[in-house]
Amino acid sequence: MNNNTNHYNSKPDLVLAISFSLLFFKTSLLYPIKVLTFPSNIYYVILPIYNFLVIFVGLLAFRRINAVSFIFLLSLILYVLGSIVYFDTSPDSLDILSVFIKSVLVPFVVFIFIREYDLLYRVMLNLSRSVSMMLCILAPISLLPNTNYMEYGFSLSLTLVIVAANIAYNKCFVKLDILILLLGLFVLFLFGNRGAFIAVALLTFFLYFLSPKFKLISKIKILVITIISLIVLLFSLLPILKFVHFWLIDLGYRSYATQKYINYLTGSGDLSSGRTSIYDYGLGLVNNNNFFPNGLNYFHSMSGELYTHNFIIDIFISHGFFAFILISVLILGLIFVLRVSYVTHLTLIFVPFFIYTILKLSLSSYVWYELPFWMSVCLLFVYIYRCENNLD
């Protein structure tokens, strides 16, 4: 990885890096508080205070306005407003706009001014390591009554993204990061949701095979070993899962994830959790409307479901064919950025997180609520600006 970066050695840069990282990983950091303080409202008191303090501290480190970022931000606001006004002014759509402004646009304004991306990379990596270890140790809390195992899964998976990127593109503390990643994947498999596990596993393979750090023969060996391991695991997985599942029950916990795997492997359940019918309905809407946009809340108003559980279908329904083409070109461009030998700390932050959120959004969640996705897009525009001005 190229380490030719400007060093400002100023406290505001450190403050901005810490503030950005705390906001980026807020769901992961605050998840234990949310679970352990249930059913009280302490979490919902802490959350706005946390957001305000982090963003306020970031505001203190302001320096200048980036014209490219400002134009993008203004265009995004106008697009969202125009989409709601033209297609749908229901409370649900206005709620989407409210969440988008609070969770995406405000942080975007604050953190567009980061300059020292090697510092930001180190802060995010160290925070990710700490939080991922904390969440792995506290994994049983995801099995407590009235907890959301999917929220736990995505909270943990978010912290593993930059750890996986560091393994693929860096040489510092790689053994530690491999240990954290393997432990995290194991915990996700047993305690988290399948979408989070699959997103991190696929991202790890993408990063490994795209990285110029590893030779082709090494990549082929890993691929062969992985395929053989999966075949062996396929025949031994069911008894292992049953043992773990009933062992957890004896301890007073019930793992939704292991139960789902057992049901699927025994033929008594659907691994898609009913998503197939949602996908079919969504594709039917796309076909019926000839790939034209229908607005943010169209799928919800037609089906009663909050979202399609698939980013691509959702883009087709709400934004149409041209938005899908734009996103596709963006993804291919980001993959190309990671494939070249010159990789900066900035690209090593936003590209893996962008790919991860695309994988996550292909299986669950909703793009307008996905803070890491939009902050990755924010950093993409910073990258374009820096390249145009030869700052990297």
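From a predicted model like this one, the values you see are computed outputs, not experimental measurements. (Residues numbered from 1 in each chain as written. Predicted model: local features only at pLDDT ≥ 70, side-chain atom pairs only at ≥ 80, totals over all residues. Heavy atoms only, no water.)

**Student:** Requested: an account of the overall build of the chain, with residues and values cited.
**Tutor:** The helix and strand tally for the chain stands at 16 helices and zero strands. Sorting the 392 residues of the chain into buried and exposed places 50% on the buried side. For the chain, the share of sequence-separated contacts (at least 6 apart) that also reach a separation of at least 24 residues comes to 76%. Accessible surface, the chain as shown: approximately 18900 Å² in total, 71% of it carbon and sulfur. (Helix = DSSP H or I, 4+ residues; strand = E, 2+ residues; numbered from the N terminus. Buried < 20%, exposed > 50% of the residue type's maximum accessible area, 1.4 Å probe, protein only. Contact = heavy atoms within 4.5 Å. Areas by Shrake-Rupley, 256 points an atom, 1.4 Å probe, with all protein chains shown as cover.)

**Student:** Quick one: what's the story with the nonpolar core, residue by residue and with numbers?
**Tutor:** Met124 and Phe353 are the most contacted members of the largest nonpolar core, which totals 80 residues. Tallying contributions element by element places helix α7 (residues 149–169) first for this core, with 13 residues. With near-sequence residues (within four places) excluded, phenylalanine 353 lies in contact with Phe24, Phe25, Met124, Leu158, Val161, Ile162 and Ser376. In terms of nonpolar packing, the next biggest core, distinct from the first, is built from 16 residues, Leu296, Ala323, Tyr366 and Phe373 among them. (Core = buried A, V, L, I, M, F, W, Y, C linked by side-chain atoms within 4.5 Å.)

**Student:** Provide a residue-level description of the environment of threonine 258, including the pertinent values.
**Tutor:** Mapped onto the fold, threonine 258 is located in helix α11 (residues 256–265). Residue threonine 258 is classed as buried on the basis of its relative accessible area, which comes to 0%. Contacts of threonine 258, omitting those with residues within four sequence positions, involve Leu190, Leu241 and His245. A distance of 2.8 Å separates polar atoms of two side chains, one belonging to threonine 258 and the other to histidine 245. (Polar contact = N/O pair within 3.5 Å; in protein donor to acceptor, adjacent residues only side chain to side chain.)

**Student:** Can you tell me about helix α12 (residues 275–288), naming the residues and giving the values?
**Tutor:** The end-to-end C-alpha distance of α12 is 20 Å, a good match for the 20 Å that 14 residues give at a rise of 1.5 Å each. By the burial criterion, the buried members of α12 are Arg275, Ile278, Gly282, Leu285 and Val286. Burial along α12 is one-sided: seen end-on, the buried residues are contained in an arc of 100 degrees. Opposite the packed face of α12, turned more than 90 degrees from it, sit the exposed residues Asn287 and Asn288. Asparagine 290 sits one or two residues past α12 and shows a positive phi near 55 degrees. (Expected span 1.5 Å × (residues − 1). Arc of directions from axis to C-beta.)

**Student:** Please set out the pattern of salt bridges residue by residue, giving values where relevant.
**Tutor:** It is possible for side chains bearing opposite charge to pair when their charged atoms get close. Across all of its chains, the model carries three salt bridges by this definition. One salt bridge connects glutamate 151 with lysine 34, and the closest N-O pair in it is separated by 3.0 Å. Linking glutamate 151 in helix α7 with lysine 34 in helix α2 (residues 26–36), this pair joins segments that are 117 residues apart in sequence. The class for lysine 34 is partly exposed, based on a relative accessible area of 22%. (Salt bridge = Lys/Arg side-chain N within 4 Å of Asp/Glu carboxyl O.)

**Student:** Give a description of the environment of glutamate 370 that names residues and reports values.
**Tutor:** Mapped onto the fold, glutamate 370 is located in the loop between α15 (345–361) and α16 (371–388). Glutamate 370 sits 10 residues away from lysine 360 along the chain, and the two C-alpha atoms are 9.7 Å apart. Each residue touching glutamate 370, except ones within four places of it in the same chain, is listed here: Thr357, Lys360, Leu361 and Ser365.

**Student:** Break down the packing of aromatic side chains for me, with residues and values.
**Tutor:** Within the structure shown, the criterion is met by 12 aromatic pairs. Chaining the aromatic ring pairs together yields one cluster made of Phe20, Phe24, Phe25 and Phe353. One cation-aromatic arrangement involves lysine 360 over phenylalanine 154; the distance from NZ or CZ to the ring centre is 4.3 Å. (Phe/Tyr/Trp six-rings, centres within 6.5 Å; stacked < 30°, edge-to-face > 60°. Lys NZ or Arg CZ within 6 Å of the ring centre and 35° of its normal.)

**Student:** If you had to explain the side chain of arginine 129 to someone new, which residues and values would you point to?
**Tutor:** Among the secondary structure elements, arginine 129 is positioned in helix α6 (residues 117–137). At 3.0 Å, the side chain of arginine 129 forms a polar contact with the side chain of asparagine 126. Dropping the residues within four chain positions of it, arginine 129 is found in contact with Val163, Asn166, Cys172, Phe173, Leu176, Asp177 and Ile180.

**Student:** Which residues make up the confidence of the model for the chain, and what values do they have?
**Tutor:** Model confidence for the chain is summarised by a mean pLDDT of 77, while 78% of its residues fall at 70 or above. Ranking the helices and strands of the chain by mean pLDDT puts α6 first, with 93, and helix α4 (residues 67–87) last, with 62. (pLDDT = per-residue confidence, 0-100.)

**Student:** I'd like a rundown of the packing of α6 against helix α8 (residues 174–191), residues and numbers included.
**Tutor:** When two helices pack together, their arrangement is given by the angle between their axes and by how far apart the axes lie. Taken N-terminus to C-terminus, the directions of α6 and α8 make an angle of 40 degrees; their axes are 10 Å apart at the nearest point. Between α6 and α8, the crossing angle belongs to the class labelled oblique. Once α6 is placed against α8, the crossing between them reads as left-handed. Residues Leu125, Arg129, Ser132, Met133 and Cys136 of α6 form the contact with α8, whose participating residues are Leu176, Asp177, Ile180, Leu183, Gly184 and Val187. Here the contact of α6 with α8 is composed, by residue class, of seven nonpolar, two polar and two charged. (Axes fitted to C-alpha atoms, helices over the stretch in contact; angles between N-to-C directions. Parallel < 35°, antiparallel > 145°, perpendicular 65-115°, else oblique. Left-handed = near helix turned anticlockwise from the far one by under 90°. Nonpolar A, V, L, I, M, F, W, Y, C, P; charged D, E, K, R; others polar.)

**Student:** Outline helix α9 (residues 194–210), supporting the account with residue identities and numerical values.
**Tutor:** Relative to the 24 Å expected for 17 residues at 1.5 Å per residue, α9 spans 24 Å between its end C-alpha atoms, a close match to the ideal helical length. Arg194, Gly195, Ala196, Ala199, Val200, Ala201, Leu203, Thr204, Leu207, Tyr208 and Leu210 are the residues of α9 that are buried.

**Student:** Tell me about a nonpolar patch on the surface, residues and numbers included.
**Tutor:** Nonpolar side chains collect at one region of the surface, where Val15, Val45, Ile49, Phe52, Leu53, Phe56 and Val57 lie side by side and expose about 610 Å² of accessible area between them. Turning to its location among the elements, valine 57 is positioned in helix α3 (residues 42–59). (Patch = residues over 30% accessible without salt bridge, like charges linked within 9 Å, V, L, I, M, F, W, Y side chains within 5 Å.)

**Student:** Explain the packing of α7 against α8 to me, and be specific about the residues and the numbers.
**Tutor:** At their nearest, the axes of α7 and α8 sit 9 Å apart, and the two run at 160 degrees to each other. Here α7 lies roughly antiparallel to α8, going by the angle between them. Pair α7 / α8 crosses with left-handed handedness. The residues of α8 that touch α7, namely those facing Tyr149, Tyr152, Gly153, Leu156, Ser157, Leu160, Val163, Ala164, Asn166 and Ile167, are Val174, Asp177, Ile178, Ile180, Leu181, Gly184, Leu185, Val187, Leu188 and Phe191. Its residues assigned to classes, the contact of α7 with α8 comprises 15 nonpolar, four polar and one charged.

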